[in-house]
Amino acid sequence: MSAPHPLNQAVIAQALHNLRNGQLRRCKAMGFGDRELDALKHPELVSMLVNATVSWCSVKVNREVLQRLLNQVEDVEKEIATVDRMLRLGASTEMVSKFYGLTHQEVALRRDVLGLPKRKGRHPVLSEEQDTGLWGRWKPAVEQRGIALDDDMAMLDLTLDLAEQLALPASVIWATIRSWIDQGLV
């Protein structure tokens with residue numbers, strides 16, 4: 001004797017769950033019509049459908065939805081990589097919170113996961129020489145990349161690149177750049 005088809009069992013279980021919870025629209029979206037839904041009210045018919053050895057249903061992949069879900073995974077991976085890069089380059093908790101909405105506790109946990117030392121207090125202010133060097137790299141890069149001064153994400157990317165190049169904390173570079181913009185020096 002053949003075993004009941006597992007897909008049939010899963011579909012019936014989901015349909016019964018939807019019916020019990022008053023989610024008739026979901027049952028209809030699964031492909032059940034009024035006649036089939038009426039049959040689900042009779043235990044002997046449900047038993048026959050559940051125990052059928054042939055599949056009476058099929059699975060259809062919604063490629064558009066599947067692609068959106070896969071893109072979300074890629075976006076999350078990219079976001080995690082950016083947060084990790086920010087933290088390795090000395091971004092402040094406030095910066096990470098502003099761009100990615102992480103709480104102080106989440107940032108602290110991420111620092112622990114990355115094995116970064118705990119920081120207390122603020123990074124020191126740039127010396128005049130460092131400030132001049134930063135300006136000398138930042139101003140041409142903004143023009144070359146065509147970054148609008150109010151494009152925070154593009155400015156963040158540039159900040160992280162400059163932090164790598166100059167071996168300065170990203171939070172200090174960010175604060176300096178924001179100061180220049182706020183003062184109208186650009």
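Under an unreviewed UniProt entry, the name given to the protein chain is Coproporphyrinogen III oxidase, and the source organism is Isoalcanivorax pacificus W11-5.

S.K.: Explain the nonpolar core here, please?
M.R.: The tendency in soluble globular proteins is for nonpolar side chains to be buried as a group. In terms of nonpolar packing, the biggest core is built from 32 residues, with Met 86, Val 96, Trp 138, Met 155 and Leu 158 touching the most fellow members. Counting only elements with at least two residues in this core, the list comes to α5 (63–88), α6 (93–100), α8 (128–145), α9 (152–166) and α10 (170–182). Two domains each provide a minimum of three residues to this core, namely domain 2 (63–114) and domain 3 (128–183). Not counting residues within four places of it along the chain, the set of residues in contact with Leu 158 comprises Trp 138, Ala 141, Val 142, Arg 145 and Ile 147. With ten residues, the next largest nonpolar core counts Ile 12, Ala 15, Leu 40 and Val 46 among its residues.

S.K.: Would you take a moment to explain the packing of α6 against α10 for this structure?
M.R.: Axes are the key here: two packed helices are described by the angle between their axes and the distance separating the axes. As a packed pair, α6 and α10 sit with axes 9 Å apart at the nearest point and diverge in direction by 70 degrees. By the angle class used here, α6 and α10 are roughly perpendicular. Contacts between α6 and α10 involve Met 95, Lys 98 and Phe 99 on the former and, on the latter, Ala 170, Ser 171 and Trp 174. Considered class by class, the residues forming the contact of α6 with α10 number four nonpolar, one polar and one charged.

Cut-offs applied
Residues numbered from 1 in each chain as written. Predicted model: local features only at pLDDT ≥ 70, side-chain atom pairs only at ≥ 80, totals over all residues. Heavy atoms only, no water. Core = buried A, V, L, I, M, F, W, Y, C linked by side-chain atoms within 4.5 Å. Buried < 20%, exposed > 50% of the residue type's maximum accessible area, 1.4 Å probe, protein only. Helix = DSSP H or I, 4+ residues; strand = E, 2+ residues; numbered from the N terminus. Domains from an automatic or database assignment. Contact = heavy atoms within 4.5 Å. Axes fitted to C-alpha atoms, helices over the stretch in contact; angles between N-to-C directions. Parallel < 35°, antiparallel > 145°, perpendicular 65-115°, else oblique. Nonpolar A, V, L, I, M, F, W, Y, C, P; charged D, E, K, R; others polar.

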